[in-house]
Amino acid sequence: MHLEKIRVNAVSPGPTHSNFGDGVFDKHPEFVKPLAEQSLFGRIGQPEDIAKVIVNVLSDDFGWVTAQDIEVSGGHLL
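Remember, it's a predicted structure, so these values are computed and weren't measured experimentally.

K.L.:
Which parts of the structure should I look at to understand the pattern of salt bridges?
P.N.:
Oppositely charged side chains may form a pair once their charged atoms are brought near each other. The full count for this structure, using the stated rule, is 3 salt bridges. Among the salt bridges present, the one from K27 reaches D22, with a minimum N-O distance of 2.7 Å. No difference in accessibility class separates K27 from D22, as the two residues are exposed. Ionic pairing is found between R43 and D49, a salt bridge with its closest N-O pair at 2.9 Å. Residue D49 is classed as partly exposed on the basis of its relative accessible area, which comes to 23%.

Here it is as structure tokens:
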């Protein structure tokens, strides 16, 4: 058996204020508060929240983590 030693992980963000979805939160700010109230931290995510996790998952510090789906939602719907 030949193994390529390729790591594959996924990051699954919760509600995040970004341009994704054609800027839906800017166009419909009334959606932000109800979603924020469903989060453990009382807010929706920012792109930086997701980026920090991605940077760490790509680092050598997470070299032993593989085949994982990492939810980055701020505790949305806990």
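K.L.:
Help me out: how do you make sense of unusual backbone geometry in this one?
P.N.:
As a rule of thumb, non-glycine residues mostly have phi less than zero, and peptide bonds are mostly trans rather than cis. Of note in this structure, K5 is not a glycine but carries a positive phi near 60 degrees. If you trace the backbone, K5 turns up in the segment before β1 (10-13). Positioned with a positive phi, D22 is a non-glycine residue whose angle comes to about 60 degrees. Along the chain, the position of D22 falls in helix α1 (residues 20-27).

K.L.:
Got a minute to help me understand the side chain of T16 in this structure?
P.N.:
Along the polypeptide, T16 turns up in the loop between β1 and α1. From its side chain, T16 meets the backbone oxygen of G14 in a polar contact 2.8 Å long.

K.L.:
What is the right way to read the environment of I50 from this model?
P.N.:
For I50, the location among the structural elements is in helix α3 (residues 47-58). With a relative accessible area of 11%, I50 lands in the buried category. As a C-alpha pair, I50 and G23 span 27 residues in sequence and 17 Å in three-dimensional space. Contact partners of I50, with chain neighbours within four places excluded, come to V11, P13, T16 and V72.

K.L.:
Would you explain the environment of V72 in this entry?
P.N.:
Among the secondary structure elements, V72 is positioned in strand β2 (residues 69-72). Judged by its relative accessible area of 14%, V72 falls in the buried class. For the pair V72 and G14, spaced 58 residues apart in sequence, the C-alpha separation works out to 6.1 Å. V72 has contacts with V11, S12, P13, G14, D49, I50 and V53, leaving out every residue within four places of it along the chain.

K.L.:
Help me understand a nonpolar patch on the surface in this model?
P.N.:
On the surface, L40, F41 and L78 cluster together to form a nonpolar patch covering roughly 440 Å² of accessible area. The topology assignment puts F41 in the loop between α2 (32-37) and α3.

Rules and cut-offs
Residues numbered from 1 in each chain as written. Predicted model: local features only at pLDDT ≥ 70, side-chain atom pairs only at ≥ 80, totals over all residues. Heavy atoms only, no water. Salt bridge = Lys/Arg side-chain N within 4 Å of Asp/Glu carboxyl O. Buried < 20%, exposed > 50% of the residue type's maximum accessible area, 1.4 Å probe, protein only. Helix = DSSP H or I, 4+ residues; strand = E, 2+ residues; numbered from the N terminus. Polar contact = N/O pair within 3.5 Å; in protein donor to acceptor, adjacent residues only side chain to side chain. Contact = heavy atoms within 4.5 Å. Patch = residues over 30% accessible without salt bridge, like charges linked within 9 Å, V, L, I, M, F, W, Y side chains within 5 Å. Areas by Shrake-Rupley, 256 points an atom, 1.4 Å probe, with all protein chains shown as cover.

So, to be careful, I would describe these as geometric facts and stop short of saying anything about function.
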